[in-house]
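Read off the chains here:
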Amino acid sequence: MHVEKSDEHGVISQRISSILKDVIGGADQERPIPLHEPYLGREEQIHLEECLKSGWVSSAGPFIETFEQEIGVFTGAPNVVATVNGTAALHLALVVAGAGEGDEVLVPSMTFVATVNAITYCGAVPHFIDSEPEHLGVDVEQLGVYLTDLLKPGPNGPENCRTGRRVAAIVVVHTLGHPVDLDGMSKLCEQFDLPLIEDAAEALGSTYHGAHVGTHGLIGTLSFNGNKIVTTGGGGALLIRDEDLAARARHLATTAKQPHAWEYFHDEVAFNYRMPSLNAALGVAQFTRLTKLVDAKRKLAQAYAEAFSKEDGIRFIKEPPNTSSNYWLNAIVLDTSDAGSIDQILGDLVDGGYLVRPLWRPSHQLPMFAQSPRMDLPVCEDLARRVISLPSSPGLAMDVVKAAKH
Ligand SMILES: *Cc1c(COP(=O)(O)O)cnc(C)c1O
């Protein structure tokens, strides 16, 4: 049968929407299925009430310490500093890693804008690197070739031969929860004397060779925004191995105030970035569910993977080998021939009540970063036209798991 070019996207949309119906159930405009909504219940209410009763709702109180300890236990990070959000955690991570005015920081163009904004907050310039096509991480080999050509050793670390600027760090992103090649990145960072920062905002519950992501580099950061696997309303955290570095991060997050019973003495210009107790209370409640939520999300991913494995020309993104992903957002990659129709396909699915999304607009295509230095970014630009993130709420995952048991 001859299919009009303008109708082809309709066929793909139909196929995707019928799989979504099979895996997560029917939707329509009156009952849309969100991309990712928080899972909240009685536990959260109890903890918030306890926090209110204690009177400690702001930037001090027992819930903050408890929450930081629980993050440490769950991730294996020796030091944890909870912050007001993930962006603040990234900013602080870059500051304590030494990124400052006039430096460059390497970062994937394909990330949420917060990663790149945090670099500019330090007065540094983002230098965009390409993504890896299978799992959305970093192609270490290709990056190695690029850096060999780009970098030369300088008095305070590697320098960009072309701009003369010091390159202060590299930030990698565990996109949609899938761990990047951390062994490869660690080796590369050692070779080029680059501090490694892991943006693990999307990857709480994901491991690489059995160890939690965010704990392999100099510093890792988390987010507890409302759309992440667990939420504190707004919040984030730094995971730091080195104790002195952690003490410095904590100090800078607390307006650089020297501890004293009454005196206000601040020893440098710093930030008010500590997480309030009210948010930490919510976090403690959410952490009682975390293992269960990760498990349910992995099972939902399995169901999606099986359903899409039978479809030609649509690839479900799976976790890389030797890793365990939290599958924060399940996602599919359209065939190259459908790349031009992604907006129509997204439109069809959203009209049908499935609130799907593309990846982000590549950072180098945003007006404020258009002049930033970068490598060729063909994979990043391709992914922007081919990846569709699917409904992945933890509550939805729990429902799918329950239905499968009956
Ligand atoms: C959510 C997110 C952040 C920032 O987190 P906020 O808590 O919203 O500030 C940073 N990087 C990535 C990749 C994210 O997905």
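Conventions we followed
Positions within a chain are numbered from 1, following the residues in the order the chain's sequence is written. Local features in a predicted model are, by the rule used here, given only for residues with pLDDT of at least 70; side-chain atom pairs are given and counted only at 80 or more, and totals for whole chains, interfaces and linings are based on all residues. Values reported for side chains reflect all heavy atoms of the structure, with hydrogen atoms and water molecules removed beforehand. To pair, rings of Phe, Tyr and Trp, with the six-membered ring standing in for Trp, must have centres within 6.5 Å; the planes then decide the type, stacked if under 30 degrees apart, edge-to-face if over 60, and tilted in the middle. Counting from the N terminus, the helices are the DSSP runs of H or I reaching at least four residues and the strands are the DSSP runs of E reaching at least two. Residue burial is assigned from relative accessible area. The probe radius is 1.4 Å, only protein chains are included, and a residue is buried under 20% of its type maximum, exposed over 50%, and partly exposed in between. Only Lys NZ and Arg CZ are tested; either one counts as a charge over a ring when it is within 6 Å of the ring centre and within 35 degrees of the ring normal. In what follows, residue pairs with any heavy atoms lying within 4.5 Å of each other are defined as contacts. A patch consists of residues exposed above 30% relative accessible area that lack any salt bridge, with like charges linked at up to 9 Å and nonpolar side chains (Val, Leu, Ile, Met, Phe, Trp, Tyr) linked at up to 5 Å. The Shrake-Rupley method, run with a 1.4 Å probe sphere, supplies the accessible areas, and residue values consider only the shown protein chains as cover. A pair is scored as a salt bridge if a Lys or Arg side-chain nitrogen falls within 4 Å of a carboxyl oxygen belonging to Asp or Glu. In this analysis the probe radius is 1.4 Å and the grid spacing 1 Å, with only protein atoms considered; a cavity is a set of points the probe fits into but cannot get out of, a pocket is an open set with protein on both sides within 12 Å along at least five of seven lines, and lining residues have an atom within 4 Å of a point. Grid points are joined across faces, edges and corners, and a volume is the space filled by probe spheres set on the points. The nonpolar class holds Ala, Val, Leu, Ile, Met, Phe, Trp, Tyr, Cys and Pro. Asp, Glu, Lys and Arg form the charged class, and all remaining residues, Gly among them, are polar. We call a residue near a given molecule or strand whenever any one of its heavy atoms falls within 4 Å of it. N or O atoms closer than or at 3.5 Å make up a polar contact, with two conditions inside protein: a donor-capable atom paired with an acceptor-capable one, and, for residues adjacent in sequence, both atoms drawn from side chains. More than half of a molecule's atoms within 2 Å of the grid points is what it takes for that molecule to sit in a cavity or pocket.

Trainee: What's the story with the packing of aromatic side chains in this structure? I'm lost.
Mentor: Two aromatic rings are characterised by how far apart their centres lie and by the angle between their planes. Scanning the entire structure with this criterion turns up nine aromatic pairs. Both rings, one in Phe74 and one in Phe287, keep their centres 5.9 Å apart while their planes meet at 70°; by these two values the pair is edge-to-face. Of this pair, Phe74 sits in helix H3 (residues 62-75) while Phe287 is found in helix H9 (residues 277-287), placing the two residues 213 residues apart along the sequence. Assessed through its relative accessible area of 28%, Phe74 is described here as partly exposed. The exposure class of Phe287 is buried, given its relative accessible area of 11%. Following the ring pairs from residue to residue traces out a cluster consisting of Phe67, Phe74, Phe224 and Phe287. One cation-aromatic arrangement involves Lys257 over Tyr264; the distance from NZ or CZ to the ring centre is 5.6 Å.

Trainee: What's the story with the environment of Ala281 in this structure? I'm lost.
Mentor: Relative to the helices and strands, Ala281 resides in helix H9. Given the relative accessible area of 0%, Ala281 is considered buried. Those residues within four positions of Ala281 in sequence are excluded, and the remaining contacts are His47, Leu48, Cys51 and Phe63.

Trainee: Which parts of the structure should I look at to understand a nonpolar patch on the surface?
Mentor: Together, Leu52, Val57 and Leu278 give the surface a local cluster of nonpolar side chains, amounting to about 230 Å² of exposed area. Here Leu278 is to be found in helix H9. Residue Leu278 is classed as partly exposed on the basis of its relative accessible area, which comes to 33%.

Trainee: How should I be thinking about the layout of surface pockets in this particular structure?
Mentor: Think of a ball as big as a water molecule: rolled over the atoms, this probe shows where empty space is left. The space that makes up the largest pocket amounts to roughly 530 Å³. Lining the largest pocket are 30 residues, and of these Phe112, Asn227, Lys228, Trp328 and Trp360 sit closest to its centre. Elements with a minimum of two residues in the lining of the largest pocket: helix H4 (86-97), helix H5 (113-121), strand S10 (219-223) and strand S15 (357-358). The class makeup of the residues in the lining of the largest pocket is 15 nonpolar, 11 polar and four charged. Lining the second largest pocket are 14 residues, and of these Ile64, Glu65, Glu68, Val80 and Arg250 sit closest to its centre. Breaking the lining of the second largest pocket down by element, the ones donating at least two residues are H3 and strand S1 (79-83).

Trainee: Please clarify how the site of the ligand should be interpreted in this entry.
Mentor: Contacts to the ligand come from 16 residues, most closely from Gly86, Thr87, Glu202, Ser223 and Lys228. In the environment of the ligand, an oxygen atom lies 2.6 Å from a nitrogen or oxygen atom belonging to the side chain of Glu202. Between an oxygen atom of the ligand and a side-chain N or O atom of Ser223, the distance comes to 2.7 Å. In the complex, 93% of the free accessible area of the ligand, which totals 380 Å², lies under the protein chains. Most atoms of the ligand, that is more than half of them, are within 2 Å of grid points of the largest pocket. Put simply, the parts of the chain that give the shell around the ligand at least two residues each are H4 and H5.

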